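Chain by chain, the residues:
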Amino acid sequence: MKKAAFYTLGCKVNQYETEAMEELFRNAGYEIVPFSEASDVYVINTCSVTSMGDSKSRRMIRRARKNNHEAVIAVTGCYAQTAPEEVLAVEGVNLVIGNQGRKDIVAKVEALNGYDKINDVYDIMQTREFEELNITHYEHRTRAFIKIQDGCSQFCSYCIIPYARGPVRSRREQDIIAEIQELAKNGYTEFILTGIHVAAYGHDLECTSLAQLINSIDKLEGVKRIRLSSIEPMTLNRKFIDDISSAEKLCPHFHVALQSGCDATLKRMNRHYTTAQFKDIVDGLREAFHDAAITTDIMTGFPGETDEEFTETENFVKEIGFADAHVFQYSKRNGTPAAKRKEQIDPKVKEARSKRIIEITQKSRNDFLNIHLGQTSEVLFEQRVNDGYFEGKTANYITVQVKTNEELHGQYRNVKLMDVKDNIMYGELA
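Notes on the structure in this doc start here. (Residues numbered from 1 in each chain as written. Predicted model: local features only at pLDDT ≥ 70, side-chain atom pairs only at ≥ 80, totals over all residues. Heavy atoms only, no water.)

**Concerning the sheet that holds strand 3 (residues 41–46)**
Consideration 1: Pairing is parallel across the open sheet formed by 6 strands, whose spatial order is 2-1-3-4-5-6. Looking at which strands have only one partner, the edges of the open sheet turn out to be strand 2 (31–33) and strand 6 (118–119).
Consideration 2: Taken together, the 2 bridges between strand 5 (residues 95–96) and strand 6 define a ladder with parallel strand orientation. In the strand pairing of strand 6, valine 96 is matched with asparagine 119.
Consideration 3: Docked against the sheet, helix 2 (residues 51–67) engages strand 1 (3–8), strand 3 and strand 4 (72–77), running at close to 175° with respect to strand 3. (Pairing = 2+ DSSP bridges. Helix = DSSP H or I, 4+ residues; strand = E, 2+ residues; numbered from the N terminus. Contact = heavy atoms within 4.5 Å. Axes fitted to C-alpha atoms, helices over the stretch in contact; angles between N-to-C directions.)

**Concerning the side chain of serine 170**
Consideration 1: Take serine 170: it is sitting in strand 9 (residues 169–170).
Consideration 2: A polar side-chain atom of serine 170 sits 2.5 Å from a polar atom in the side chain of aspartate 204.
Consideration 3: Those residues in contact with serine 170 that lie beyond four places of it in its chain are Phe130, Ile148, Gln149, Ala200, Tyr201, Gly202, His203, Asp204 and Leu205. (Polar contact = N/O pair within 3.5 Å; in protein donor to acceptor, adjacent residues only side chain to side chain.)

**So, the pattern of salt bridges**
Consideration 1: Counted by the stated rule, this structure contains 36 salt bridges.
Consideration 2: In this structure, arginine 143 engages glutamate 190 in a salt bridge whose closest nitrogen and oxygen atoms are separated by 3.5 Å. Taken as a pair, arginine 143 in strand 7 (residues 143–147) and glutamate 190 in strand 10 (residues 190–194) lie far apart in primary sequence, 47 residues in all. One exposure class covers both arginine 143 and glutamate 190, and it is buried.
Consideration 3: One salt bridge in this structure joins glutamate 287 and arginine 238, with 3.1 Å as the shortest N-O distance. Highlighted residues: glutamate 287 in helix 11 (residues 275–288) and arginine 238 in helix 9 (residues 238–244), separated in sequence by 49 residues. (Salt bridge = Lys/Arg side-chain N within 4 Å of Asp/Glu carboxyl O. Buried < 20%, exposed > 50% of the residue type's maximum accessible area, 1.4 Å probe, protein only.)

**Thoughts on the packing of aromatic side chains**
Consideration 1: Under the definition given, this model contains 14 aromatic pairs.
Consideration 2: Pairing tyrosine 273 with phenylalanine 278 gives two aromatic rings, centres 6.2 Å apart and planes at 35°, and the pair type is tilted. The same class applies to tyrosine 273 and to phenylalanine 278, which are both buried.
Consideration 3: An angle of 65° between the planes, with centres 6.2 Å apart, marks the rings of phenylalanine 278 and phenylalanine 316 as edge-to-face. Of the two residues, phenylalanine 278 sits in helix 11 while phenylalanine 316 sits in helix 12 (residues 307–320), which places them 38 residues apart along the sequence.
Consideration 4: Overall, phenylalanine 278 belongs to the buried group, its relative accessible area being 1%.
Consideration 5: According to the relative accessible area criterion, phenylalanine 316 is buried, its value standing at 6%.
Consideration 6: An aromatic cluster is defined as three or more aromatic residues linked by ring pairs; in this entry it consists of Tyr273, Phe278, Phe316 and Phe322.
Consideration 7: Against the face of tyrosine 412 rests lysine 224, its NZ or CZ located 5.0 Å from the ring centre.
Consideration 8: The residue whose ring lies beneath lysine 393 is tyrosine 397, and the NZ or CZ to ring-centre distance is 5.1 Å. (Phe/Tyr/Trp six-rings, centres within 6.5 Å; stacked < 30°, edge-to-face > 60°. Lys NZ or Arg CZ within 6 Å of the ring centre and 35° of its normal.)

**Let's talk about the pairing of strand 7**
Consideration 1: Most of strand 7 sits out of view: 5 of its 5 residues are buried.
Consideration 2: A two-sided burial pattern is seen for strand 7, the buried positions comprising Arg143, Phe145 and Lys147 on one face and Ala144 and Ile146 on the other.
Consideration 3: Across 5 bridges, the pairing between strand 7 and strand 10 is parallel. For lysine 147, the partnering residue across the bridge sits in strand 10 and is threonine 194.

**Some remarks on the pairing of strand 16 (residues 389–394)**
Consideration 1: By the criterion of burial, strand 16 is predominantly enclosed, with 5 of the 6 residues buried.
Consideration 2: Alignment of strand 15 (residues 376–384) against strand 16, held across 5 bridges, turns out to be antiparallel. Paired with glutamine 383 across the two strands is glutamate 391, which belongs to strand 16.
Consideration 3: Taken together, strand 15 and the strand that follows it, strand 16, pair antiparallel across an intervening segment of 4 residues, in which aspartate 387 is found at a positive phi of about 60°.
Consideration 4: Note that strand 16 and strand 17 (residues 399–403) share 5 bridges and pair antiparallel.

**Digging into the state of the cysteines**
Structurally, a disulfide amounts to a covalent bond that connects the sulfur atoms of two cysteines.
Consideration 1: Considering all chains together, one arrives at 0 disulfides under this definition.
Consideration 2: Cysteine 47 supplies the cysteine sulfur nearest to cysteine 78, a cysteine that is in no disulfide, at a spacing of 6.4 Å.
Consideration 3: You can call cysteine 78 buried: its relative accessible area is 5%.
Consideration 4: For the unlinked cysteine cysteine 251, the closest cysteine sulfur is that of cysteine 11, found at 20 Å. (Disulfide = S-S within 2.5 Å.)

**What to know about helix 11**
Consideration 1: The end-to-end C-alpha distance of helix 11 is 20 Å, a good match for the 20 Å that 14 residues give at a rise of 1.5 Å each.
Consideration 2: All of the buried residues along helix 11 are Thr275, Phe278, Ile281, Val282, Gly284 and Leu285.
Consideration 3: The elements touched by buried residues of helix 11 are helix 9, strand 12 (253–255), helix 10 (263–269), strand 13 (293–300) and helix 12. (Expected span 1.5 Å × (residues − 1).)

As structure tokens, then:
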């Protein structure tokens, strides 16, 4: 039996697409093996959000070549899409596929002869159809990612993703429903709706929307939880919140990307909302969903960010009180408007600002967790961890561990939350 190994960098969309490609290879008779082992085929699904993503992608290509000098190496994803010739020039790469055409990846790999070096990247900006990559089973997961759309047309001034993913393409609702029903038959009960710009779902289709999709899934037998991945605030409003508030299975966890708490910085970023609008969205979510966890992304050191602007961000982040945050420093991406700006921030300043925001959000996270002490919450258990503990997530995405000899994988159990340590809540089975 031929072997195939995969390595994924980046977002939940990439994770979904890797799982789908693994299934394509498995269905073609390949054994899927760990990336560290010798394999006949290596597939590296790349990320290009930061320059570090590009660098790590090249490093993983070299590692694959070291694992087996005779293997076929195929590279896909955002770095492959935006810099195909650069990727193809890396020693050992045989095939470069961007973010379209992956449903035929097995045939493309098997058509290679000897030391072929093939650039099979499409012009993603001309793509208008969603590429179906179905999944019927996830390896080693209790929760299932469901990709509902691809592409982004926002063109934030710092972001390379619209050039890597192309315009918004929404998946047909009936195809989403069919995939969820198949996964539900196979035992999955929590479904994470993911995409590049989830809030834009349905904008390119007739007679559907993200709210309609959520309410349709809410009615499906076998579905216990619906979770949204990162969602942009530009298309959120009180009507949308009202439309989804009746969905009983929708998890009260919303990852709404802020990026900056300063209106002047948001404008330079080409983010189409103000801090006042963002706060109204957060207030609406908290009013509509009991015990909602609001998490976010925050960027420090965007070109031109003054000390005064950063102070505005500090104060706004304190005011919102996020349950958690992904804090990162601005990374210059060639080809984006922000990369051309002259007012680039010193790396040491970016790092100091990042540490300050992390301190603030860590405090608000601790505050959020401490509110739950003494409460009993339902937890979907996922995996056994060290020292006899089993770990899982609440509906509002709190990580919980309990000490038990029971095998809890995939089970929903009530847990009384007793303690907090290092962003994890510890409890006892109720």
